[in-house]
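Letter by letter, the chains look like this.
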Amino acid sequence: MFGIKIFTDWDIPENNITPEEIYLNRRKFLGNVGKLGGNILALSTLSNLLNPKEVFSVNSFSNESISQNENNITDLRDKITSEVLTSSYNNFYEFGTNKSDISFLAKKLPVENWKIKIEGLVHEPRILDVDKIIQAMPLEQRVYRLRCVETWSAIIPWSGFPLRELIKMSSPLSTARYIKFKTFIDPNIAPGQKNRFWEPWPYVESLSMSEAMHNLAFVAVGMYGHQLNPQNGAPIRLVVPWKYGFKSIKSIDVIEFVKDRPNTFWQTVSPLEYDFWANVEPDVPYAKWDQRFEVLLGKTKKEKTMLYNGYAAQVAKLYS
Ligand code: MTE
């Protein structure tokens, strides 16, 4: 039911974990709102973003058992990664390969008045205004683990809504079996797209419809209580916490519903290394890396990587 916060095994009570810098960022964000251009959120939406517990989504795991794995509330509560780190160490190949350059280079991304094209197997193709999507959605905050295939990880508080809400809004046909996402393409803004090595642009990702309809599949429009940073995929990105981070496509430009499984960006770049599913499976060496361990940003000690990144209780049944 709307307005009721139901705590689940993957969910972290935001008021218990907010480090000071997040609180300060919220104040800064509020202060900056008046200066923003065409991408200003309605005040009610803005306050929802900042007080997500007041608008918790109807979607919850009330029927899911509480998992006893290491990804429970107490495990993550004290481990949220500093935004200083998650906003300065980024993968966004459109802007280059040097992780520490992205925050500077992505400032060129024009995130105002962003629109998403809805195409393919839908009742009616549409162009959706991201500000209007945000206003229409049941915004909530979720703290998720992000596990990069390169064996680093982070724990990030996202603001957004379940992907399935956007799917409902898009009204796909029953023949759609996969959902395909494309990032914007503009080499003048994103110099990495001039790099022929990483062809073909744009960055493409995809989920099966059953994965996309899972409650954990999330669309983020904010992080740490403010709008997404450009380097983290502003103004709208995917977050699929049980898969390697490269599935969580940033700055989405097109959503297409299709019948056949699409080729994704990394599959196309290196088909022998990257597969479509890319679920976090520590016992399966993946791409260039041994996936049994990971290091959280800001830490030096290795941690054991968990099956499905700790979300096995929720998602394993998708694959059984
Ligand atoms: N989306 C686009 N469009 N381009 C990218 O290069 N990199 C992916 C993913 N989404 C990427 C992308 C990878 S490899 C990871 S690990 C995450 O974004 C990193 O997200 P972050 O920089 O917000 O931590």
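Residues numbered from 1 in each chain as written. Predicted model: local features only at pLDDT ≥ 70, side-chain atom pairs only at ≥ 80, totals over all residues. Heavy atoms only, no water.

*Asks:* Would you mind going over the side chain of R147 in detail, with residue names and values included?
*Replies:* Relative to the helices and strands, R147 resides in strand β3 (residues 140-147). Polar contacts involving the side chain of R147 include one to the side chain of Q291, which spans 2.8 Å. Polar contacts involving the side chain of R147 include one to the side chain of E294, which spans 3.1 Å. Once you skip the residues sitting within four places of it in the chain, R147 turns out to touch W152, S153, K243, Y244, G245, V280, Q291, F293, E294, T305 and N309. (Helix = DSSP H or I, 4+ residues; strand = E, 2+ residues; numbered from the N terminus. Polar contact = N/O pair within 3.5 Å; in protein donor to acceptor, adjacent residues only side chain to side chain. Contact = heavy atoms within 4.5 Å.)

*Asks:* Explain unusual backbone geometry to me, using residue names and the numbers behind them.
*Replies:* Looking along the chain, the bond that leaves W201 and enters P202 is cis, with omega of 5 degrees. Topologically, P202 is positioned in the loop between β5 (178-183) and β6 (204-208). Between A234 and the following residue, P235, the backbone shows a cis peptide bond with an omega angle of -5 degrees. The backbone of A278 shows a phi angle near 50 degrees, a positive value even though the residue is not glycine. In this structure, A278 sits in the loop between α10 (265-269) and β11 (293-296). Backbone geometry places N309, a non-glycine residue, at a positive phi of 60 degrees. Mapping N309 onto the fold places it in the loop between β12 (303-304) and α11 (312-315).

*Asks:* Please set out the pattern of salt bridges residue by residue, giving values where relevant.
*Replies:* For the structure on display, the rule yields 14 salt bridges. For E140, the salt bridge identified is with R142, shortest N-O distance 2.8 Å. Accessibility classification places E140 together with R142 in one group, the buried group. The salt bridge partner of R145 is E303, with a shortest N-O separation of 4.0 Å. With R145 in strand β3 and E303 in strand β12, this residue pair connects regions lying 158 residues apart in the sequence. (Salt bridge = Lys/Arg side-chain N within 4 Å of Asp/Glu carboxyl O. Buried < 20%, exposed > 50% of the residue type's maximum accessible area, 1.4 Å probe, protein only.)

*Asks:* Tell me what's going on with the pairing of strand β10 (residues 252-258), and back it up with residues and numbers.
*Replies:* Of all seven residues in β10, seven are buried; the element is thus mostly enclosed. Examined bridge by bridge, strand β1 (residues 115-120) and β10 share four bridges and lie parallel to one another. In the sheet register, E119 faces β10, and the bridge partner there is E256. (Pairing = 2+ DSSP bridges.)

*Asks:* Report on the sheet that holds β1, specifying residues and quantitative values.
*Replies:* Ordered in space as β2-β1-β10-β5-β6, the five strands form an open sheet in which the pairing is mixed. Every other strand in the sheet has two partners, leaving β2 (126-129) and β6 as the edge strands with one partner each. Pairs of neighbouring strands in the sheet enclose a mean axial angle of 20 degrees, with direction left out of account. (Axes fitted to C-alpha atoms, helices over the stretch in contact; angles between N-to-C directions.)

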